[in-house]
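# Inside the fold
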Amino acid sequence: QVQLVESGGGSVQAGGSLRLSCVASGVYNRNFIGWFRQAPGKEREGLAIICTGTPYYRDSAKGRFTISQDRTKDTVYLQMDSLEPEDTAVYYCATGATSCTFGASSYTYWGQGTQATVSS
């Protein structure tokens, strides 16, 4: 059974940083794993994904967010810098996709999420 556990969320002021971690366990396809977020009243959106070792970013994450993977620890990180109030959301990691995609519906396994709140 695949389990994903996120941590690292919290409350910061605009311009601050957070580093999210996602520890995975169980048998899963390590080739496709990523970070998503869902703000109140909005759909879940993909932010940053790693596809066979290569990172990809949505425009909203480019230049401010960095995804990385430590396969020896089965951990994926999301470094978030220059945070803005619009980044306030629950952040999820997900895996289980069979192709490189930002589409949330393609991912089978999800963590419980970690809240990030950015104040102005």
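Structure: see above.
Residues numbered from 1 in each chain as written. Predicted model: local features only at pLDDT ≥ 70, side-chain atom pairs only at ≥ 80, totals over all residues. Heavy atoms only, no water.

### Considerations on the pattern of salt bridges
- Summed over the entire model, instances satisfying the criterion amount to four salt bridges.
- Glu-45 is the partner of Arg-37 in a salt bridge, and the nearest nitrogen-oxygen pair spans 2.7 Å.
- With a relative accessible area of 26%, Glu-45 lands in the partly exposed category.
- Across the pair Arg-37 and Asp-87 runs a salt bridge, and its minimum N-O distance is 2.8 Å. Residue Arg-37 is located in strand S4 (residues 32-38), and its partner Asp-87 is located in the loop between strand S8 (75-80) and strand S9 (89-95); the two are separated by 50 residues in the primary sequence. Comparing Arg-37 with Asp-87, the two get one shared label, buried. (Salt bridge = Lys/Arg side-chain N within 4 Å of Asp/Glu carboxyl O. Buried < 20%, exposed > 50% of the residue type's maximum accessible area, 1.4 Å probe, protein only. Helix = DSSP H or I, 4+ residues; strand = E, 2+ residues; numbered from the N terminus.)

### Focus: the nonpolar core
- Ranked by internal contacts, the top residues of the largest apolar core, which has 26 residues, are Trp-35, Phe-65, Leu-78, Met-80 and Tyr-91.
- In terms of residue count, strand S3 (residues 18-25) provides more of this core than any other element does, four residues in total.
- Apart from the residues within four sequence positions on either side, Phe-65 is in contact with Arg-37, Leu-47, Tyr-57, Leu-78, Gln-79, Met-80, Asp-81, Leu-83, Asp-87 and Tyr-91.
- Counting residues in hydrophobic clusters, the runner-up holds eight residues, among them Cys-51, Ala-94, Phe-102 and Tyr-107. (Core = buried A, V, L, I, M, F, W, Y, C linked by side-chain atoms within 4.5 Å. Contact = heavy atoms within 4.5 Å.)

### Regarding unusual backbone geometry
- For Thr-52, which is not glycine, the phi torsion reads 50° and is therefore positive.
- Along the chain, Thr-52 turns up in the loop between strand S5 (45-51) and strand S6 (54-57).

### Comments concerning the side chain of Thr-114
- As for its placement among the helices and strands, Thr-114 is situated in strand S11 (residues 114-119).
- Owing to a relative accessible area of 12%, Thr-114 belongs among the buried residues under this scheme.
- Within the local environment of Thr-114, its side chain forms a polar contact with the backbone nitrogen of Gly-9, the two atoms lying 3.1 Å apart.
- Contact partners of Thr-114, with chain neighbours within four places excluded, come to Glu-6, Ser-7, Gly-8, Gly-9, Leu-20, Ala-89, Val-90 and Tyr-91. (Polar contact = N/O pair within 3.5 Å; in protein donor to acceptor, adjacent residues only side chain to side chain.)

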